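# Commentary on secondary and tertiary structure
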Protein chains: 2
Amino acid sequence: MRPQDIEKRSFAIITAELGERTFPDGESEVVKRVIHTTADFDYADSLAFSPGAVGQAREALASGATVVTDTNMALAGVNKGALQALGGRAVCYMADGAVARAAGARGVTRAAVSMEYAALLDGPLIFAVGNAPTALIRLHELIAEGAVSPALVIGVPVGFVNVVEAKELFIGGQTPYIIARGRKGGSNVAAAIVNALLYQLIEREGF
Amino acid sequence: MRPQDIEKRSFAIITAELGERTFPDGESEVVKRVIHTTADFDYADSLAFSPGAVGQAREALASGATVVTDTNMALAGVNKGALQALGGRAVCYMADGAVARAAGARGVTRAAVSMEYAALLDGPLIFAVGNAPTALIRLHELIAEGAVSPALVIGVPVGFVNVVEAKELFIGGQTPYIIARGRKGGSNVAAAIVNALLYQLIEREGF
């Protein structure tokens, strides 16, 4: 079987196993790609979308958005070819020496400082946070201060300490979001959500 | 809370929630780190270890093993600092131009060809397959042909087509293995297992 046939068959299995469950247009592809990446159907219940988030994200990506990740692993998982074809790019400042020094000097996490650096970037910004709750908390503060206005926040860190609370900060707020409520998530989930948005843009709008 | 305190607290929560469940020495750290990476307790049941696999892996890593991954995402997730401190390295041939050309010419996956390339490497080899069942199947063939004798196969691809079967090929076999039975797994799980082995070597044996 060719890779594209395996993917098609996988999505057919996921759709069949979701049974009666339906999702709004656009959100469906995101939910299914996350399940495809994790084989974990819990995401059918835990993924929360702000109204219109997927459409807003597609618009940002179509106009050449910068995707900001909080791990190099998520950065590695984003389909850079698809992103570049749309005039976008992906960045991660976690391995940046200046970020590490600033974090050490201030006694905060590199992830938090990396969000401050990213907030200074021009153009539409999509934040894809799959690891560090401190990144999500700092991002929430930066938004509240008016320092950044993300086109989308993908908030899917995984973990047992401060993770659930950091994700809940965004629920019901004004910033467009896709949040995996609860403990689960990860860099792979963050990348899968970015890719799901990219692929539906490419498939539907012929980019 | 400092990152190391968050990790300690997370592992305490995982240990508490595992309750009465116990695991052999060495395997316990692997199981807990995978749960730490995924927040998914299913791995307490699905991870299968060949007898002595963890000890054999620690020995290989202590003598400067090469870790071969089937995705750049898993490669990004492996703690290269810890690996290099032990004289090891991590490689992934998925983005190699020659691999892509050979795969295209032969009508097989790049993942399968990347295993053939890796099989030619010297020194102890740890294969960490978190994505492609075809990598695992080709690796199984190469072992049967005597072309490679891995110190450990971490077989944790995720998915819905051919994945369960590819992983089962190794269960009960002669090659040391850590396999996530069933559909679940991923590049993040593959990297977490490598890191769990690295950290226990560093903590216990003072590397």
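Residues numbered from 1 in each chain as written. Chains lettered and ligands numbered in written order. Predicted model: local features only at pLDDT ≥ 70, side-chain atom pairs only at ≥ 80, totals over all residues. Heavy atoms only, no water.

The name recorded for chain A in an unreviewed UniProt entry is Precorrin-8X methylmutase, from Agathobaculum faecis. As stated in UniProt under Pathway (unreviewed entry), the record for chain A gives "Cofactor biosynthesis; adenosylcobalamin biosynthesis." (UniProt positions renumbered as here; feature names shortened; annotations may be inferred.)

### Some points on the sheet that holds strand β4 (residues 125–129) of chain A
Residues and elements named next belong to chain A. An order of β1-β6-β5-β4-β2-β3 is seen for the six strands of this open sheet, with the pairing classed as mixed. Of all strands in the sheet, those with a lone pairing partner are β1 (47–49) and β3 (89–92), marking the two edges. Pairwise comparison of adjacent strand axes, ignoring direction, gives a mean angle of 15 degrees for this sheet. Relative to strand β5 (residues 152–155), β4 is paired through four bridges, and the arrangement is parallel. The residue bridging Val129 from the neighbouring strand is Gly155, located in β5. Running at roughly 155 degrees to β5, helix α9 (residues 133–144) makes contact with β4 and β5 of the sheet. (Pairing = 2+ DSSP bridges. Helix = DSSP H or I, 4+ residues; strand = E, 2+ residues; numbered from the N terminus. Axes fitted to C-alpha atoms, helices over the stretch in contact; angles between N-to-C directions. Contact = heavy atoms within 4.5 Å.)

### A word on the relation of the copies chain A and chain B
These two copies of the chain differ by a rotation about an axis and a displacement along the same axis. Superposing chain A onto chain B takes a rotation of 180 degrees combined with a translation of 0.0 Å along the rotation axis, leaving an RMSD of 0.0 Å. The symmetry that links the two subunits is that of a two-fold axis. Taking C-alpha positions as reference, the residue of chain A nearest the rotation axis is A:Met73, located at 2.6 Å. Most of the interface of chain A is mirrored in chain B, where 100% of its interface residues are also at the interface. (Least-squares fit on C-alpha atoms with pLDDT ≥ 70 in both.)

### Looking at the pairing of strand β5 (residues 152–155) of chain B
Residue and element names in this part refer to chain B. The side-chain alternation of β5 yields two buried faces, one formed by Leu152 and Ile154 and the other by Val153 and Gly155. Read from strand β4 (residues 125–129) through helix α9 (residues 133–144) to β5, the crossover connection turns out right-handed. Handedness of the crossover joining β5 and strand β6 (residues 177–180) through helix α10 (residues 163–168): right-handed. (Buried < 20%, exposed > 50% of the residue type's maximum accessible area, 1.4 Å probe, protein only. Right-handed = clockwise from strand over helix to strand, strands pointing away.)

### A short note on the environment of B:Ala60
Residue and element names in this part refer to chain B. Following the sequence through the fold, Ala60 ends up in helix α4 (residues 53–62). Looking at Ala60, the relative accessible area reads 6%, which means it is buried. With sequence-adjacent residues up to four places away left out, Ala60 is seen in contact with Ala65, Pro124, Ile126 and Ala151.

### Thoughts on the packing of aromatic side chains
The full count for this structure, using the stated rule, is four aromatic pairs over all chains. Judged by centre distance (6.1 Å) and plane angle (85 degrees), the rings of A:Phe41 and B:Phe160 are edge-to-face. Separated into two different chains, A:Phe41 in the loop between α2 (27–38) and α3 (43–46) and B:Phe160 in the loop between β5 and α10 make up a pair that spans both. Looking at B:Phe160, the relative accessible area reads 11%, which means it is buried. Both rings, one in A:Tyr93 and one in A:Tyr117, keep their centres 6.3 Å apart while their planes meet at 50 degrees; by these two values the pair is tilted. (Phe/Tyr/Trp six-rings, centres within 6.5 Å; stacked < 30°, edge-to-face > 60°.)

### Let's talk about the sheet that holds β4(B)
All names here are of chain B. Spatial ordering of the open sheet is given by β1-β6-β5-β4-β2-β3, a layout of six strands whose pairing is mixed. Pairing within the sheet leaves two strands with one partner each, and these edge strands are β1 (47–49) and β3 (89–92). Taken over all neighbouring pairs, the strand axes of this sheet differ in orientation by 15 degrees on average, direction set aside. Strand direction decides the pairing type here: β5 and β6, joined by three bridges, are parallel. Within β6, the residue paired with Gly155 across the bridge is Ile179. Sheet strands touched by helix α8 (residues 110–119): β2 (66–69) and β4. Its angle to β4, the strand with the most contacts, is close to 170 degrees. Of the strands in this sheet, β4 and β5 are in contact with α9, which crosses β5 at around 155 degrees.

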